[in-house]
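Understanding the architecture of this molecule
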Amino acid sequence: LTPAGRKLLPGVQRGLAELRQAVQAISQDRQEGVLNVTMMPSILQKWLMPRLHEFYNLHPEIDLRINVDNDLVDFDQTDMHAAVRLGRGRWPGVKAVKLMDDWILPVCSRRMLEEIGTVQSPRDLKKHDLLFTPSAVWDPWFREFGEASRDSRRALLNDSISILMAAEQGEGIALSRWSLVSRDIGAGRLVPAANAIIRSGWSHYFVAPPHYFDLPKVATFRDWLMEHC
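Description of the structure in this document. Keep in mind it's a predicted model, so treat the numbers as computed, not measured. (Residues numbered from 1 in each chain as written. Predicted model: local features only at pLDDT ≥ 70, side-chain atom pairs only at ≥ 80, totals over all residues. Heavy atoms only, no water.)

Focus: the sheet that holds strand 3 (residues 82–87)
Strand order in the open sheet formed by 5 strands is 2-1-3-10-4, with mixed pairing between adjacent strands. Of all the strands in the sheet, the pair left with one neighbour each is strand 2 (62–68) and strand 4 (95–100). Taken over all neighbouring pairs, the strand axes of this sheet differ in orientation by 25° on average, direction set aside. By the bridge criterion, 7 bridges tie strand 1 (residues 33–39) to strand 2 in an arrangement that is parallel. From the neighbouring strand, Val34 faces strand 2, where its bridge partner is Asp63. Sitting on the sheet, helix 8 (residues 216–228) is in contact with strand 1, strand 2, strand 3, strand 4 and strand 10 (203–208), with an inclination near 50° to strand 1. (Pairing = 2+ DSSP bridges. Helix = DSSP H or I, 4+ residues; strand = E, 2+ residues; numbered from the N terminus. Axes fitted to C-alpha atoms, helices over the stretch in contact; angles between N-to-C directions. Contact = heavy atoms within 4.5 Å.)

Written out as structure tokens, the structure reads:
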């Protein structure tokens, strides 16, 4: 080295070392670290929570943090990496992949079913208190069985979990989605109130902006969700 090169060498070495550390930090952040995901509280509590321990055990390098929200997320204004949403899969500015379809069915407590007997026709549901949240997600049900059954609602609840808790306590027949009640039915906390099930017009989607969609830690969580769905 020339005398000038020898003087430059320590500073260049320090600069290269800092650059190497920065590149490694970025690479690590892509592979592991914090992963912020937003989803509806109902799907978190009723579908994901019983399975979540498996993901943490398989991927301890990923710090999964879940924000519950029913509204669409603005990825440009938040630190969210991805979202799980119920809809038709058409949202501007993001990539979406379907996780699973869903089905609509009426459920109630076993005690209530023993009292009223199995509802022989879905149209007979209008004779009972039909509990459901205000949402267009139920439109396929009412198109199939008549708009009149909308009027049978008694409880003014706007939360899916509260609706199911009310049904479990015998307060009425809840109109719900299979993704939310399958474990409750399996455990005997709720039972189908009628021999009827309608495919929902909405499905569950994994959504992320293009620059996050294939990030390794995002893809890891997405692939795990798809496997379980």
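A closer look at a nonpolar patch on the surface
Together, Leu8, Val12, Leu16 and Leu19 make up a nonpolar patch on the protein surface, roughly 390 Å² of accessible area in all. When you line up the elements, Leu19 lands in helix 1 (residues 3–31). A relative accessible area of 52% means that Leu19 is categorised as exposed. (Patch = residues over 30% accessible without salt bridge, like charges linked within 9 Å, V, L, I, M, F, W, Y side chains within 5 Å. Areas by Shrake-Rupley, 256 points an atom, 1.4 Å probe, with all protein chains shown as cover. Salt bridge = Lys/Arg side-chain N within 4 Å of Asp/Glu carboxyl O. Buried < 20%, exposed > 50% of the residue type's maximum accessible area, 1.4 Å probe, protein only.)

What to know about the pairing of strand 3
With 6 of 6 residues buried, strand 3 is to be regarded as a mostly interior element. Both strand 1 and strand 3 contribute to a ladder of 3 bridges, which runs parallel. Across the sheet, residue Thr38 finds its bridge partner in strand 3, namely Ala83. As judged from the 5 bridges shared by strand 3 and strand 10, these two strands associate in the antiparallel manner. Looking at strand 10, one finds that Ala83 is bridged to Val207.

Here we look at the pattern of salt bridges
When charged atoms on two side chains of opposite charge get close, those side chains can pair. Applying the stated criterion across every chain yields a total of 8 salt bridges. Of the charged contacts, one joins Asp184 and Lys46 as a salt bridge, the two residues approaching to 2.8 Å between their closest N and O atoms. Taken together, the positions of Asp184 in helix 6 (residues 178–187) and Lys46 in helix 2 (residues 41–58) put the pair 138 residues apart, joining distant regions of the chain. As far as the burial class goes, Asp184 and Lys46 line up, both buried. Connected through salt bridges with shared partners, the residues Lys46, Asp184 and Arg189 form a single ionic network.

Observations regarding the pairing of strand 7 (residues 173–177)
Along strand 7, 5 of the 5 residues are buried, which leaves the element largely enclosed by surrounding structure. Burial along strand 7 is two-sided: the face carrying Ile173, Leu175 and Arg177 and the face carrying Ala174 and Ser176 are both buried. Strand direction decides the pairing type here: strand 5 (residues 103–108) and strand 7, joined by 4 bridges, are antiparallel. Along strand 7, the bridge assignment pairs Leu105 with Ser176. Here strand 6 (residues 130–131) runs beside strand 7; their pairing, made up of 2 bridges, is parallel. If you follow Leu131 over to strand 7, its bridge partner there is Ala174.

Considerations on the packing of helix 2 against helix 8
Contact geometry for helix 2 and helix 8: axes closest at 11 Å, N-to-C directions at 130°. When the axes of helix 2 and helix 8 are compared, the pair comes out oblique. Helix 2 and helix 8 meet at a crossing whose hand is right-handed. Residues Trp47, Leu48, Arg51, Leu52, Glu54, Phe55 and Leu58 of helix 2 pack against Thr220, Phe221, Trp224, Leu225 and His228 of helix 8. Grouping the constituent residues of the contact of helix 2 with helix 8 by class yields 8 nonpolar, 2 polar and 2 charged. (Parallel < 35°, antiparallel > 145°, perpendicular 65-115°, else oblique. Left-handed = near helix turned anticlockwise from the far one by under 90°. Nonpolar A, V, L, I, M, F, W, Y, C, P; charged D, E, K, R; others polar.)

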